[in-house]
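Residue-level structural notes
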Amino acid sequence: MNATAANTMFDERIDPGRITSFLLAAAMHLALFAVLVFGVRWQNRPPEAVMVELWNEPPVAAPVVVEPKPAPPPVAVRPDPVLVKPDIAEKAPPPKPRAEPPKAPARPRDEEAQRQIREQLQREQTSFAVEREQQLLKEQLARDADAARRRGLLDYESKIRTKVRGNIVLPPELQGNPDAQFLVVQLPTGEVLSTKLVKSSGHRGYDEAVERAILKSSPLPKPDKVELFSRELRLTFRPKEKD
Amino acid sequence: MTLTQDLDLWTLIVNASFVVKAVMLLLLAVSFLSWMFIFRKWMTIRSARAQTEQFEREFWSGNDINSLYQGSVNNRHNIGSLERIFEAGYREFTKLRAQRGTDASTMVDGARRAMRATYQREMDHLESHLSFLASTGSVSPYVGLFGTVWGIMHSFRSLANVQQATLAQVAPGIAEALIATAIGLFAAIPAVVAYNRYSHDIDRLAIRFESFMEEFSNVLQRQTVVRT
């Protein structure tokens, strides 16, 4: 009887703070998680300031400076009255008042007109020179940009090729150094949509190994500059990088 | 910025292989339970110590044992371990004394046995869940290590069919595998500390209980001598 009394007494015992300890444990783990998330710097990338993705090259700014072209009419007008005069006389009178004014001052202002023409020529020539210079400069810039672009493109392709090469499992019986060309269609994220064999290396095992490697390399590395991205890439692979 | 960090931790966990994920989940559950028991035992032991101190003060302040016993019986649902031991011993003693013809040593022995039984029960209650903390402390680092080894094996296997092996190809796999070890250690370290701390506290309480039992037996012995 004594034992049963003690037993019931024992069974009635409940630990104090069952719920409190549960809540405290939950709080503990939340705190730890917060420390992990906010306290530890998880492999910081350099901040990407601009998130815009340009799929195409931005349009080249049109040359704003429009050469104020000295109108050529004065050159044309001078001989005009002489030639046109008979016509005008025979024809309708309305054009007359227009034709007359040049004619009348033509003679007294012959020298002046010539001088004007010369000035005109001079001006045109200088403007031409300026224009040509600008043209040359622009061409030079375009060439530079082109070269940079080509360099960047080569860089980009070699980056992709390096990644793909890491995934190629060379078939053991491969001989020589045949090259296989693939057309790779990718998304802007670098995900490979499809690959197509453009030029076979002549060795089926190698072609398939490269194709598998391209698919496995998805997502492909991104170019340094977004404008270098192109949806379709033509990539050439050789078993050995250099002969 | 915090978003990408969050993503990083999250992707590390999500990209882990199934076994590693299972290990992490298990360890998280174990860690949660062990923290729960840590808090619960902490409160239990704290209240047990406070109640013991209070009862010792009451007992040695020269109060009448009979009135003390009555107070304990009336209030039996929220009394401490030591008071329970006292109550069990004194109840047995009064019962034996009511029967005519029992000699003094039998009475004291009976009371002592009753106290010993209650003492065992109380110790059992105080020590409950401590073994869980102990096994958490000793096993969860190994479980975490298992997850890590598995994850590293996985990431090295993916290195096998690559021609140019770089660190970048294995580093993420190893990082995500190491999370398992981290969780294991996080579960183990507090469990070990709490286990050591609590078993020490409980040992000291046990010593107090035992010495009280001895002293109370002496008191009872003296009472029988006075009666006879």
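Refer to the structure above for everything that follows.
Residues numbered from 1 in each chain as written. Chains lettered and ligands numbered in written order. Predicted model: local features only at pLDDT ≥ 70, side-chain atom pairs only at ≥ 80, totals over all residues. Heavy atoms only, no water.

1. Describing the pattern of salt bridges
- One pass over the full model with this rule turns up 12 salt bridges over all chains.
- Between Asp 179 of chain A and Lys 199 of chain A there is a salt bridge, with its nearest N and O atoms 3.2 Å apart. In this pair, Asp 179 of chain A sits in the loop between helix 6 (110-167) and strand 1 (180-186) while Lys 199 of chain A sits in strand 2 (residues 192-199), placing the two residues 20 residues apart along the sequence.
- Judged by its relative accessible area of 22%, Asp 179 of chain A is partly exposed.
- Owing to a relative accessible area of 39%, Lys 199 of chain A belongs among the partly exposed residues under this scheme.
- Within this structure, Arg 49, Arg 197 and Asp 201 of chain B form a network of salt bridges that share partners. (Salt bridge = Lys/Arg side-chain N within 4 Å of Asp/Glu carboxyl O. Helix = DSSP H or I, 4+ residues; strand = E, 2+ residues; numbered from the N terminus. Buried < 20%, exposed > 50% of the residue type's maximum accessible area, 1.4 Å probe, protein only.)

2. A look at the sheet that holds strand 1 of chain A
Residue and element names in this part refer to chain A.
- In spatial order, the strands read 2-1-3; together these three strands make up an open sheet with antiparallel pairing. Pairing within the sheet leaves two strands with one partner each, and these edge strands are strand 2 and strand 3 (232-237). With direction set aside, neighbouring strand axes in the sheet form an average angle of 25°.
- Pairing between strand 1 and strand 2: six bridges, direction antiparallel. From the neighbouring strand, Val 185 faces strand 2, where its bridge partner is Ser 194.
- Along the sheet, helix 6 makes contact with strand 1 and strand 3, crossing strand 3 at roughly 60°.
- Docked against the sheet, helix 7 (residues 204-216) engages strand 1, strand 2 and strand 3, running at close to 25° with respect to strand 1. (Pairing = 2+ DSSP bridges. Axes fitted to C-alpha atoms, helices over the stretch in contact; angles between N-to-C directions. Contact = heavy atoms within 4.5 Å.)

3. A look at a nonpolar patch on the surface
All names here are of chain B.
- The grouping of Tyr 142, Leu 145, Val 149 and Met 153 at the surface amounts to a nonpolar patch, some 420 Å² of accessible area in total.
- Residue position: Tyr 142 is located in helix 6 (residues 130-160).
- On the accessibility criterion, Tyr 142 (61% relative accessible area) is exposed. (Patch = residues over 30% accessible without salt bridge, like charges linked within 9 Å, V, L, I, M, F, W, Y side chains within 5 Å. Areas by Shrake-Rupley, 256 points an atom, 1.4 Å probe, with all protein chains shown as cover.)

4. Some words on the packing of helix 2 (residues 18-60) of chain B against helix 4 (residues 81-98) of chain B
All names here are of chain B.
- The contact between helix 2 and helix 4 brings their axes to 7 Å, and the two run at 45°. Taken as axis vectors, helix 2 and helix 4 run oblique relative to one another. Touching Thr 52, Phe 55, Glu 56 and Phe 59 of helix 2 are Leu 82, Glu 83 and Phe 86, all from helix 4.
- Classifying every residue of the contact of helix 2 with helix 4 gives four nonpolar, one polar and two charged. (Parallel < 35°, antiparallel > 145°, perpendicular 65-115°, else oblique. Nonpolar A, V, L, I, M, F, W, Y, C, P; charged D, E, K, R; others polar.)

5. Notes on the packing of aromatic side chains
Residue and element names in this part refer to chain B.
- One pass over the structure, following the stated rule, counts 19 aromatic pairs over all chains.
- Pairing Phe 59 with Phe 216 gives two aromatic rings, centres 5.6 Å apart and planes at 75°, and the pair type is edge-to-face. Of this pair, Phe 59 sits in helix 2 while Phe 216 sits in helix 7 (residues 167-227), placing them 157 residues apart in sequence.
- Looking at Phe 59, the relative accessible area reads 7%, which means it is buried. (Phe/Tyr/Trp six-rings, centres within 6.5 Å; stacked < 30°, edge-to-face > 60°.)

6. Observations concerning the nonpolar core
- Counting 41 residues, the largest nonpolar core has Phe 86, Tyr 90, Leu 133, Phe 209 and Phe 216 of chain B as the members making the most contacts within it.
- Top element by residues in this core is helix 7 of chain B. It accounts for 13 residues.
- Once residues within four sequence positions are removed from consideration, Tyr 90 of chain B is found in contact with Ile 65, Asn 66, Tyr 69, Arg 97, Phe 216, Leu 220 and Gln 223 of chain B.
- Counting 19 residues, the second-largest nonpolar core is a separate cluster that includes Tyr 156, Tyr 206, Leu 220 and Phe 229 of chain A. (Core = buried A, V, L, I, M, F, W, Y, C linked by side-chain atoms within 4.5 Å.)

7. Topic: the pairing of strand 3 of chain A
Residues and elements named next belong to chain A.
- Residue alternation in strand 3 divides its side chains into a buried set, Leu 233, Leu 235 and Phe 237, and an unburied set, Glu 232, Arg 234 and Thr 236.
- Where strand 1 meets strand 3, six bridges bridge the pair, whose relative direction is antiparallel. Paired with Gln 181 across the strands is Thr 236, a residue of strand 3.

All we've got here are geometric facts, nothing functional implied.
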